[in-house]
Structure formats: structure tokens, C-alpha cells
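Here is how the chains run, residue by residue.
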Amino acid sequence: MHKRKYIISFVAILLIGGALYAGNQGNHQAEQQEQQTLIKNKSALSKPEDKQGTPVNQNQSSQTTKPSNTNDTSNNKDTSNNKDTSKSKDTSKSNNPSKSKDTSNNKVTTPASPGKTTSFVNSYKVEHVVAEPKSHTVLVNKTYRLPEGYVPPDLVYPNVPFTFVEKVDKRKMRKVAAGALEKLFAGAKRDGVMLAGVSGYRSESRQTTLYNNYVKRDGVKAADTYSARPGHSEHQTGLTIDVAGSNGKCAAESCFAGTKEAKWLSKHAHEYGFIIRYPSGKDAITGYKYEPWHLRYVGNEIAKTVTTKQITLEQYFGNTVEVSR
Ligand SMILES: [Zn+2]
């Protein structure tokens, strides 16, 4: 009998607790909304695996296409730079009001399989143009490309040593990445690791030349495992740099793996907002073999998450990437 009494009181407590909880929902929604807004402002892309509600960009389907419908590479020419820039501006403007509406109505669509990001197929079979190429968190790979002829807005020369002396394009990076790189090099130096830049920014035409040469030498299939097609290179974002030890040994070569420089980078790059973009054993997801020298700036928060969870940028963003086409 006593037992039953206890059970009844327990149920009563649960009911009261539930009521209190429901009363708090308003607050929770406000918090959630704030968080979503934060993520949206921070990134051109959404990451479905972290939010239960979500895909921030589903609200903008009038402006953007969901990844999955086009697979024609021939249309690239249609997208001019100006068009793209204005489009992404529009999108960010229109986004906030529609989002708050969604949240308050509790009508946020849940992705088919939140958290399941391995369905992302990264190949040239499907191609989309990213809507916000200037975002520091832009995802560029075989599936997602930069608008044709894209040139990053704020390229500067980072004040770090390189394996060459010429003041050429490949020394450049976007301002935010250049500043972070300077800090990274200084941090490495403090640990007795002397680094040197090998290759930073690369224009689309430069990438075209490189890729075509690799294809001539090794064939398309092999070239695609280590070199990006024009418009698909992270180097064109200005947020990426290949690094080596200051002696330039094994620069951008597989023998760089296991060197003390590579070890330092894999351990500390994220502290400066960089990730090892093409980790070992993730070829199927990134589309590229292991490149311990290829650093991509994504900012401290994403770099930390990607590194500690041992995932790739593809897995971080899932398959809901905002595109203009
Ligand atoms: Zn690289």
C-alpha cells in the first residue's frame, strides 16, 4: 500500500514538473532561436547534425537550390560573379525574419536523418555553386564549387617564411587566415618547430594549368585523387595553405606524414582556427587522399569541433549546404 502511495506522489511530481517545463518553453525557444541565428550569421552553411530542428537554409528555397537536383557541369558559365554576390547578400538579409517566424510556430522541418552525415557523396557527378563563397566557413570540394572566376576579396601577404623568395600569388591568403597563420607559425616556433609556407592562394586559371598538367601526366582518374578541378580548389578560397618544414623537405609530398612538423600541425593547428582538411582514411568523404600539409582556415570553433571529433568538414556540415545553383 505504501508503495502505491509513493508511486502516486511520484507521478504527481512528474506532472507538476512537466507543467513547469512547458511554462519554460517560451524561454527555451528564445534561446534556441538565438543559437540558430548565431550559427546562421557565422556561417554560409548549415550543419544539420548539431541542431534538432533545422536546416537553416530550407527557409530560403525560393533563392537557393537544395543540393540534389542538378548535375550539369556545363552550366557553370551562367553564373557571373556579380549575380552571385548580390544573391548571397539578399539571402542573408531575408533569412532572419523567416527564421524567427519558423521557430515561434515550431514548424522547423527536421531533416530526414539528423546526425547521419555519411550519406554525403563527394564526387564530380553532382555539382553545385556555393551561395556564399566569401564565407570563412565555405565548403569547397568536388560537389561544391566556387562561382566561375571567383577571386577572394581581401588577399594579403602573411608575414611568415616560405620555401621560396618570390612575392607571388601563392604567398597570399585572405586577411583573417593570414593573421591566424602568423600566430600558428609563431606557436610552432615556440615549440621548436620551424615551418614554411609552400602554396597559399591559387587563382582559377592557375589551378586550370596545374590540373591539366597532372591529367596529361597521370590521367584524369589519378589526377582527381590529388588535384582539384578548376573552381573546386580550396586554394582558390584564399583560406588554405600547404606548409612544410623550413627546409622545404617533403613539401606537399606524402613523406611529410610522420615528420615532427606534421605531428605538431595535427595536434595544434585547430588552436589557431585551422584544420587538416584531408585526414588519413577519409578519402571517400573528402574526395582526396591524406594531405597532412594542407591547412584550411575555418575559425576556432569549427576547427576545434572537427579536430576533436575527428571528422571532416563534409561531416561537419552534412549535406545541407547553401548553394546558388
Ligand atoms: Zn593544398
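This structure is a prediction, so every number in the text was calculated from the model and none was measured.

## Remarks on the overall build of the protein
Here's step 1: The helix and strand inventory of the protein stands at 9 helices and 8 strands.
Here's step 2: For the protein, the residues scored as buried account for 47% of the 325 residues in total.
Here's step 3: The contacts of the protein with a sequence gap of at least 6 include a subset with a gap of at least 24, amounting to 71%.
Here's step 4: Counting only carbon and sulfur atoms, one obtains 53% of the accessible surface of the protein, whose full area is about 16,500 Å².

## Structural notes on the coordination of the zinc ion
By definition of the ideal shapes, a tetrahedral metal site with four donors has angles of 109.5 degrees and an octahedral site with six donors has angles of 90 or 180 degrees.
Here's step 1: Looking at the zinc ion, one finds its protein donor set to be H235 (NE2), D242 (OD) and H294 (ND1), positioned 2.1 Å from the metal centre.
Here's step 2: All donor residues of the zinc ion come from one chain, and their arrangement in sequence is H-x6-D-x51-H. Note that H235 is positioned in the loop between α5 (220-226) and β6 (240-245) and H294 in strand β8 (residues 291-297), a separation of 59 residues in sequence.
Here's step 3: The exposure class assigned to H235 is buried, which follows from its relative accessible area of 3%.
Here's step 4: Residue class for H294 comes out buried when judged on its relative accessible area of 2%.

## What about the pairing of strand β7 (residues 274-278)?
Here's step 1: Most of β7 sits inside the fold, with 5 of its 5 residues counted as buried.
Here's step 2: Note: β7 against β8, 4 bridges, orientation antiparallel. Opposite F274, over in β8, you have Y297 as the bridge partner.

## Things to note about the nonpolar core
Here's step 1: Core analysis: the biggest nonpolar cluster contains 46 residues, and L184, L195, W264, L265, F274, L295 and L313 have the highest contact counts within it.
Here's step 2: Listing elements by their share of this core, those giving two or more residues are α3 (175-190), β6, α6 (260-268), β7, β8, α8 (300-308) and α9 (313-317).
Here's step 3: No other element matches the 7 residues that α3 contributes to this core.
Here's step 4: In contact with L313, not counting residues within four places along its chain, are V138, L139, E234, I275, R277, R296, V298, I302 and V306.

## Considerations on the confidence of the model for the protein
Here's step 1: Confidence along the protein averages 74 in pLDDT terms, with 62% of residues attaining 70 or more.
Here's step 2: Note that pLDDT drops below 50 for residues 14-118; the model gives that stretch 144 contacts with residues more than four away or on any other chain.

## Considering the packing of aromatic side chains
Here's step 1: Overall, the coordinates contain 6 aromatic pairs when judged by the stated rule.
Here's step 2: A centroid spacing of 5.1 Å and a plane angle of 75 degrees characterise the contact between Y214 and Y226, whose relative ring orientation is edge-to-face. Here Y226 lies in helix α5 and Y214 lies in helix α4 (residues 204-218), a separation of 12 residues in the sequence.
Here's step 3: A relative accessible area of 25% means that Y214 is categorised as partly exposed.
Here's step 4: Here the guanidinium or amino end of R229 rests over the ring plane of Y124, the centre of that ring lying 3.9 Å away.

## Let's talk about the sheet that holds β8
Here's step 1: Read from one edge of the open sheet, 4 strands run β5-β6-β8-β7, paired in antiparallel fashion. In the strand order of this sheet, the two ends are held by β5 (195-199) and β7, each with one partner. Geometrically, the sheet is characterised by an average inter-axis angle of 45 degrees between neighbouring strands, direction not taken into account.
Here's step 2: The pairing of β6 with β8 spans 3 bridges and is antiparallel. Paired with T240 across the two strands is R296, which belongs to β8.
Here's step 3: Relative to the sheet, α3 contacts β5, β6, β7 and β8, its axis offset from that of β5 by approximately 145 degrees.

## Describing the environment of Y278
Here's step 1: In this structure, Y278 sits in strand β7.
Here's step 2: Overall, the relative accessible area of 4% leaves Y278 in the buried class.
Here's step 3: Along the chain, Y278 and P292 lie 14 residues apart, while their C-alpha atoms are 7.1 Å from each other.

## Topic: the state of the cysteines
Here's step 1: For the coordinates displayed, the defined rule picks out 1 disulfide.
Here's step 2: What pairs with C250 in a disulfide is C255, and their sulfur atoms sit 2.0 Å apart. Between C250 and C255 the disulfide shows an S-S torsion of about -120 degrees. By sign, it is left-handed.
Here's step 3: The class of C250 is buried, set by a relative accessible area of 16%.

## So, the pairing of β6
Here's step 1: Of all 6 residues that make up β6, 6 are buried, and the element is covered over most of its length.
Here's step 2: Two strands pair when backbone bridges link them, and β5 and β6 are joined in this way by 4 bridges, in the antiparallel orientation. Across the sheet, S199 pairs through a bridge with D242, a residue of β6.

Conventions and cut-offs
Residues numbered from 1 in each chain as written. Predicted model: local features only at pLDDT ≥ 70, side-chain atom pairs only at ≥ 80, totals over all residues. Heavy atoms only, no water. Helix = DSSP H or I, 4+ residues; strand = E, 2+ residues; numbered from the N terminus. Buried < 20%, exposed > 50% of the residue type's maximum accessible area, 1.4 Å probe, protein only. Contact = heavy atoms within 4.5 Å. Areas by Shrake-Rupley, 256 points an atom, 1.4 Å probe, with all protein chains shown as cover. Donors = N, O, S within 2.8 Å, 3.2 Å for Na, K, Ca; no water. Pairing = 2+ DSSP bridges. Core = buried A, V, L, I, M, F, W, Y, C linked by side-chain atoms within 4.5 Å. pLDDT = per-residue confidence, 0-100. Phe/Tyr/Trp six-rings, centres within 6.5 Å; stacked < 30°, edge-to-face > 60°. Lys NZ or Arg CZ within 6 Å of the ring centre and 35° of its normal. Axes fitted to C-alpha atoms, helices over the stretch in contact; angles between N-to-C directions. Disulfide = S-S within 2.5 Å.

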